[in-house]
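One-letter residues, chain by chain:
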Amino acid sequence: MSLPADPKLVSLWAGLRLVVIDTETTPSPDGGPLRTVSLAAVTCRGGVMRGTWHTLVDPDVPIAPAASRIHGITDELVVGEPRFSAVAQQVLSVLEERDDERTVLCAHNASFDVAVLRAELARVGLDLPDVALLDTMGALPALVGVRPASKSLEGLLNVLGLTNPQPHQALADAQSCAQAALLLLERAAAAGFDDFDTLHAQLGRRTHTHAVKPNRRAFDAASASASAPASNLSATHLEGHSSLLGRRPSRPQLWAWSEQVRECATLRCEHLTGRVSEAQAPARVLLAELHEVLDERISVSDTAGTATVLAALLPLLDQMERRGSQSRRTATLRWEKSWGPRLSALGRCGEDAQSRCPACRAQETCALDAWPEVVGAIALGDPEAAAGTLLGVSGARKGKGTYATWRASGVDARVADAALWRVVEHQKRTGHDDRAVALERQAWASGCRHPDLASDYAGRIAVAGKKRDLTRALKVCDDAFAARAGSTLEGWTRLLSRRQQVAGRLQRLNVRASGAFDEDGNAIPARAHTPQNPRRTRVPRFARP
Amino acid sequence: MVRHGRYGKHTAKRRQRYLCRPLDGSPAHTFTPPLPRDHVPSGHEQCEVCEELVGTHHGQAAVARRHTWSARLVAHGLDKLSSGDTYANVSNWAIRAAGVTRSRRKAQTTKARTAPGAKPTKKVKNVSAATRRDRAAWHIAADWVEAFSPVLYGPLDERLRAEALAERTRLDALRRARRRLDRPQVVLIDDVPVWGRDPEDKSGRTRQAGFAVLVVAELYWPDPATLATLDPEVLDASQIEDVSRPVTRLRLVRAMPNVQATSWLLVLDELGYTPDVVVSDGGTGADLALRTLYANTPTTVIPSLWHLNQTIQRAFDKVPGAWGLDDSGQHDLVQPLRDHLRKLSRSSGVLRNSQSWASWWDDLLGIVTELRLPVEKLRKSRAKWEAPVAASLSAMRRYPRIPVSTGGLETLIARRVQPLLGRRGNAFANIERTNLLFDLVVARDHGVFTNLNDVARTLRADAESADGWTVPLRTISDPRPNKSSYSSLRDAVLIDDLARSRGLIS
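Only a predicted model underlies this, so the values are computations on that prediction, with no experimental measurement involved. (Residues numbered from 1 in each chain as written. Chains lettered and ligands numbered in written order. Predicted model: local features only at pLDDT ≥ 70, side-chain atom pairs only at ≥ 80, totals over all residues.)

Chemist: Provide a residue-level description of the overall build of chain B, including the pertinent values.
Modeler: Assigned secondary structure in chain B consists of 16 helices and 10 strands. Residue burial in chain B is summarised as follows: out of 506 residues, 32% are buried. If you take every contact in chain B between residues at least 6 apart in sequence, the share linking residues at least 24 apart comes to 67%. (Helix = DSSP H or I, 4+ residues; strand = E, 2+ residues; numbered from the N terminus. Buried ≥ 20, exposed ≤ 12 C-beta atoms within 10 Å, placed from the backbone. Contact = placed C-beta atoms within 7 Å.)

Chemist: I'd like a rundown of the overall build of chain A, residues and numbers included.
Modeler: If you tally the helices and strands in chain A, you get 25 helices and seven strands. In chain A, which comprises 545 residues, the proportion classed as buried is 40%. A separation threshold of at least 6 residues defines the contact pool for chain A, and within that pool the share at least 24 residues apart is 69%.

Chemist: Before we move on, could you go through the interface of chain A and chain B and cite the residues and values that matter?
Modeler: One frequent convention defines the size of an interface as the accessible area lost when the parts assemble. Contacts between chain A and chain B engage 10 residues on the former and 16 residues on the latter. Class assignment of the residues belonging to the side of chain A that touches chain B gives a composition of three nonpolar, two polar and five charged. (Nonpolar A, V, L, I, M, F, W, Y, C, P; charged D, E, K, R; others polar.)

Chemist: Go over the sheet that holds strand β1 (residues 2-7) of chain B, please, and point to the residues and values.
Modeler: Residues and elements named next belong to chain B. Within the open sheet, the three strands sit side by side as β1-β2-β3. Their pairing is antiparallel. Every other strand in the sheet has two partners, leaving β1 and β3 (29-31) as the edge strands with one partner each. Averaged over all pairs of adjacent strands, the angle between their axes in this sheet comes to 35°, without regard to strand direction. (Pairing = 2+ DSSP bridges. Axes fitted to C-alpha atoms, helices over the stretch in contact; angles between N-to-C directions.)

Chemist: Run through the confidence of the model for chain A, naming residues and quoting values.
Modeler: Averaged over all residues, the pLDDT of chain A is 83; the fraction at 70 or higher stands at 90%. Within the model, pLDDT remains below 50 along residues 216-231 of chain A, and this stretch shows 39 contacts once partners closer than five positions in the same chain are excluded. (pLDDT = per-residue confidence, 0-100.)

Chemist: Go over the environment of Met-256 of chain B, please, and point to the residues and values.
Modeler: All names here are of chain B. Along the chain, Met-256 falls in strand β6 (residues 247-256). Sequence separation of Met-256 and Val-267 is 11 residues, and the distance between their C-alpha atoms is 9.2 Å. Every residue in contact with Met-256, bar those within four places of it in the chain, is listed here: Phe-211, Ala-212, Leu-214, Ser-263 and Ile-495.

Chemist: Account for helix α16 (residues 328-346) of chain A, naming residues and giving values.
Modeler: Residues and elements named next belong to chain A. Here α16 spans 26 Å end to end across 19 residues, near enough to the 27 Å set by a 1.5 Å rise per residue. At Trp-339, α16 shows its maximal bend, which comes to roughly 40°, and the proline Pro-341 appears one to four places after that position. The inward-facing, buried residues of α16 abut α18 (367-380) and α21 (413-429). Two residues or fewer after α16 comes Gly-347, characterised by a positive phi angle close to 85°. (Expected span 1.5 Å × (residues − 1). Bend = angle between axes of the 7 residues up to and from the residue.)

Chemist: Describe the sheet that holds strand β5 (residues 132-135) of chain A, and please don't skip the residues or the numbers.
Modeler: Each strand in a sheet pairs with its neighbour through backbone hydrogen bonds, running either in the same direction (parallel) or in the opposite one (antiparallel). Residues and elements named next belong to chain A. Read from one edge of the open sheet, five strands run β3-β2-β1-β4-β5, paired in mixed fashion. Sheet topology places β3 (48-56) and β5 at the edges, where each strand pairs with a single neighbour. When the angles between neighbouring strand axes are averaged without regard to direction, this sheet yields 25°. Of the strand pairs in this sheet, strand β4 (residues 102-107) and β5 are connected by four bridges, and their pairing is parallel. Of the residues in β5, the one forming a bridge with Leu-105 is Leu-133. The strands that helix α4 (residues 110-123) touches are β1 (16-26), β2 (35-45), β4 and β5; relative to β1, the one it contacts most, it runs at about 75°.

Chemist: Give me the lowdown on the nonpolar core, citing residues and values where you can.
Modeler: Side chains of nonpolar character tend, in soluble globular proteins, to be buried together. Of all hydrophobic cores here, the largest spans 95 residues; its most connected members are Val-74, Leu-78, Leu-152, Val-215, Val-253, Leu-440 and Leu-459 of chain B. Considering each element in turn, this core owes the most residues, 11 residues, to helix α4 (residues 129-176) of chain B. The contacts of Val-215 of chain B, once residues within four sequence positions are left out, are Ile-189, Asp-190, Asp-191, Val-192, Leu-250, Val-253, Leu-409, Ile-413 and Val-417 of chain B. If you look at the next biggest cluster of nonpolar residues, it comprises 70 residues, including Cys-269, Ala-279, Leu-368 and Leu-391 of chain A. (Core = buried A, V, L, I, M, F, W, Y, C linked by C-beta atoms within 7 Å.)

Chemist: Before we move on, can you summarise the environment of Trp-469 of chain B with the specific residues and values?
Modeler: Inspection of the secondary structure assignment puts Trp-469 of chain B in the loop between α15 (452-465) and α16 (492-501). The class of Trp-469 of chain B is buried, set by 20 C-beta atoms lying within 10 Å.

Chemist: Describe the packing of helix α9 (residues 305-315) of chain B against helix α12 (residues 376-398) of chain B, listing the residues and the values that go with them.
Modeler: All names here are of chain B. Two elements in contact, α9 and α12, have axes separated by 9 Å at closest approach and are oriented at 160°. One element, α9, and the other, α12, form an angle in the roughly antiparallel class. Crossing angle aside, the handedness with which α9 passes α12 is right-handed. Counted together, Leu-308, Thr-311, Ile-312 and Ala-315 of α9 and Lys-377, Leu-378, Ser-381 and Trp-385 of α12 form the full contact between these two elements. Among the residues forming the contact of α9 with α12, the class breakdown is five nonpolar, two polar and one charged. (Parallel < 35°, antiparallel > 145°, perpendicular 65-115°, else oblique. Left-handed = near helix turned anticlockwise from the far one by under 90°.)

Chemist: Summarise the confidence of the model for chain B; cite the residues concerned and give the values.
Modeler: All names here are of chain B. The share of residues in chain B with pLDDT of 70 or more is 91%, and the mean pLDDT across the chain is 87. No element of chain B has a lower mean pLDDT than helix α3 (residues 110-113), which averages 48, and none a higher one than helix α14 (residues 431-445), which averages 97. The low-confidence segment residues 105-112 (pLDDT under 50) makes four contacts with residues lying over four places distant or belonging to another chain. Here the predicted complex scores 0.53 on pTM and 0.83 on ipTM.

Chemist: Can you break down the packing of helix α19 (residues 383-390) of chain A against α21 of chain A residue by residue, with the values?
Modeler: Residue and element names in this part refer to chain A. Running from N to C, α19 and α21 cross one another at 115°; their axes reach a closest spacing of 10 Å. Here α19 lies roughly perpendicular to α21, going by the angle between them. Crossing handedness for the pair α19 and α21: left-handed. Along the contact surface, α19 presents Pro-383, Glu-384, Ala-386, Ala-387 and Leu-390, while α21 presents Ala-419, Leu-420, Arg-422, Val-423, His-426 and Gln-427. Classifying every residue of the contact of α19 with α21 gives seven nonpolar, two polar and two charged.

Chemist: Describe the pairing of β4 of chain A, listing the residues and the values that go with them.
Modeler: Residues and elements named next belong to chain A. Here five bridges tie β1 to β4, and the two strands are oriented parallel to one another. Note on β4: the bridge partner recorded for Leu-18 is Val-104. The parallel pair β4 and β5, bridged by α4, forms a crossover whose chirality is right-handed. (Right-handed = clockwise from strand over helix to strand, strands pointing away.)

Chemist: Talk me through the pairing of strand β5 (residues 206-220) of chain B; I want residue IDs and the actual numbers.
Modeler: It is a general feature of regular strands that their side chains alternate between the two faces of the sheet. Residue and element names in this part refer to chain B. In the sheet, strand β4 (residues 186-197) pairs with β5 via 10 bridges, with the strands oriented antiparallel. Each residue of the ladder has a partner; that of Ile-189, found in β5, is Val-216. Here β5 runs beside β6; their pairing, made up of nine bridges, is antiparallel. Residue pairing for β6: Tyr-220 is matched across the bridge by Val-247.

Chemist: Give a detailed account of unusual backbone geometry, specifying residues and quantitative values.
Modeler: Phi is positive for Asn-109 of chain A, which is not a glycine, with a value near 60°. For Asn-109 of chain A, the position within the fold is in the loop between β4 and α4. Notably, Lys-318 of chain B is not glycine yet its phi reads approximately 60°, a positive angle.

Chemist: Which residues make up the environment of Arg-457 of chain B, and what values do they have?
Modeler: All names here are of chain B. Secondary-structure assignment places Arg-457 in helix α15. We classify Arg-457 as partly exposed; it has 14 C-beta atoms within 10 Å. In the structure, Arg-457 is positioned 394 residues away from Val-63 in sequence and 9.4 Å away in space, judged by C-alpha atoms.

Structure (structure tokens):
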């Protein structure tokens, strides 16, 4: 057994189990999600490959000839092979975290394989667990100075001096990908990374399986059934989408368009946003019609219908008509005052197909969660100009400013928080990190619970890396999550990822690695100080709270 | 059971191992007790502290596992520390008393450490051998304070707290019944500014050390049952008066970054109960803290008349015509002023009522005007002191035995606290450890160190209750940032954070 000799590499691999997967698929004849025909997983620990698992899968559908030409798997080959439902538990057990190990799912173009797995698991009523994700096609190669000629696995293997004996065979692909991942992690250790979390944090947004959106071809079964109303839209309704609203519509034309919008809302039609964006009539006219439909949907407590209309209305909101010399901010806040409480009172889209808006069906941010972000941004205006007055961070103005005024005057907290985060983001982008830090700290103290702000703030606190800092960062994440209330905003996924990162670091602080590995390559924790006589503790009286 | 060799070859003290041959015939086994005993070599059967002879089986038991030092030695060292000895002195004494040798790294010359072509290492300051020895050893005693001060002070604090709360309950019942409080709870507070040697100044001048010591003392009334047994035929009136006089003892001694209200709030909050009377030094921070903490309680605050006297004397500092010689030839205020300030006591009648108190101030101003001395500072003092003292006159009349000055506390500070601060104000840096040291001072004032055998027994019992282990050491150390220094004892922000976390300030 060869173990990594470089201490940084040892540290990087401490408590880590890399599960490299690869799937071979075939398209479903009905246009549904891709079906798996072959699945392989390779497990790596301590910098070496440990075990392999491979199976052919009977996809229950005829394998498309085009797919067979790629991976060479035909209908005859999968006769008698298990269906996915039979191997699903094995897949989950491979991904399961155990023995204080952290499982990291690795693949080349991981979002594809994750989406396929998720769709297959959902079809048999199971969920893909949320585990950390390492994509050999993502930012990792560039981060460690590897520049493949192409994005394919072959391109990566070429630049690393590796070969794949059987391209497009699931097991061979997974093994090649695993070899590539091991080399990339070796290079990462040589580049100074001795902590997987630090490395992982620099790999961009899709760092967890939950952050990967299902691609259109790999819709899960639940989504497929949920999108039934949209895909089962009547031909008459779909025909209606071909009629565009002109620049100067007559009253009957406008009435007809409005009726079609109502129908879209009732059917939770995913094409409504497109229909509105393609309409050539002035925004104020469209807004008036959409507001009317929105009002109707709210009055009948149709949450999904409201979300459908709201999603189409939000892009037009910054063109809202203003009265006289009324500023854009005042107009937007007036809109928020009149619509915000009604929208908030509706709650969230439901679970069954009929009560989900198109965004919820596609597992994207629901308009009922997205509107405060849009309204906050419009009300804020230019972040550079607003930065000075939004929230004071020192002196007599500390804690005072537009943000505090909005909160005191009953503006939805999510709107104010979104505006505040926009300013922090602007300051970070323009290189004013010191201002961003001060504003972030004050924002948190003033009650701002925007997920991205919380994630950023927790990250800054955790930088010091002491147990106290990490505990505090974890508390920031948990406090922010307490304000989530089921929101589907993407920032919450990022915050969850941050929380897991911080929690992992905290756990590793508690469990000190001895630097040795067991026969499986797992890092052995250092022996506790006299385990049978636990250390006595005494709480210091003057420790900083 | 017989002695069976030694172990601990690589530690400062060898330990004794034993062999047990059970009488029931079961196999023999070697063992060591949870608190290991020092090996007693033949010819050295003598206690290192008391010089009594000890048997070969009775080597000193260690104070805890992984501690080189015996419990008796540590008890003795803590006693020395509580009486004002420095960490370095006590540590060096312990090394000598225990007869241990400490392996030291050989001093390496700059030449020897510098490789060819490498940058020369930083020049080592030329310090005396004594200083080097002190720097290498001081942490021995500091570790003892960290580990064992709470073992001694904890039970005392718990007992005092419980007694005070029980007394508080009794007094509250009396108050509800509108009866006079026979033994009111009285607290005296004062602060001690700390001065240390200025390392920048080669002339050896001192400067403010950047922290202060806040002291709280309690008035302990004699037990009524004891008083009832006093026989007037055996003791004369003055002896009975001595016995029945309340005693002032230290209750809390806290090193804090400043004497502002926040620091006082933390100290008074730690007291744990609301006293009936507080005799205060009249400092701004203390006053504000008392007003904040006891705003809605029947607590009476009596400004210390001794401090008022000092304030008035300071008003005439370097004022020509205000100073002269007294009857014994000592430098003092001129006769009329001196006589008038002497009236600041219970017996003179000045404190009879608010009219007499106001007229004392009028007379003072009259004397000063007649002497053609400046009155501005006096007017300011009057504005600050007259009303608070007038507000406390009724309490003074009601309880004639409570002090109107912090004189008793000043004596305690001079005897107990000042010896710790002499010439080493700058040496204190860690707020946790310094306050653990001051806890020992309080323990000493309450007689904890009267019998060192009891102290050693307490230390051993505490360790044995946890199978010989004590708390891990140096967990309270301050962070040591790169290229700068940090002292938690001088960190006012820390005090603010603590007060905020305890809900004392917003």
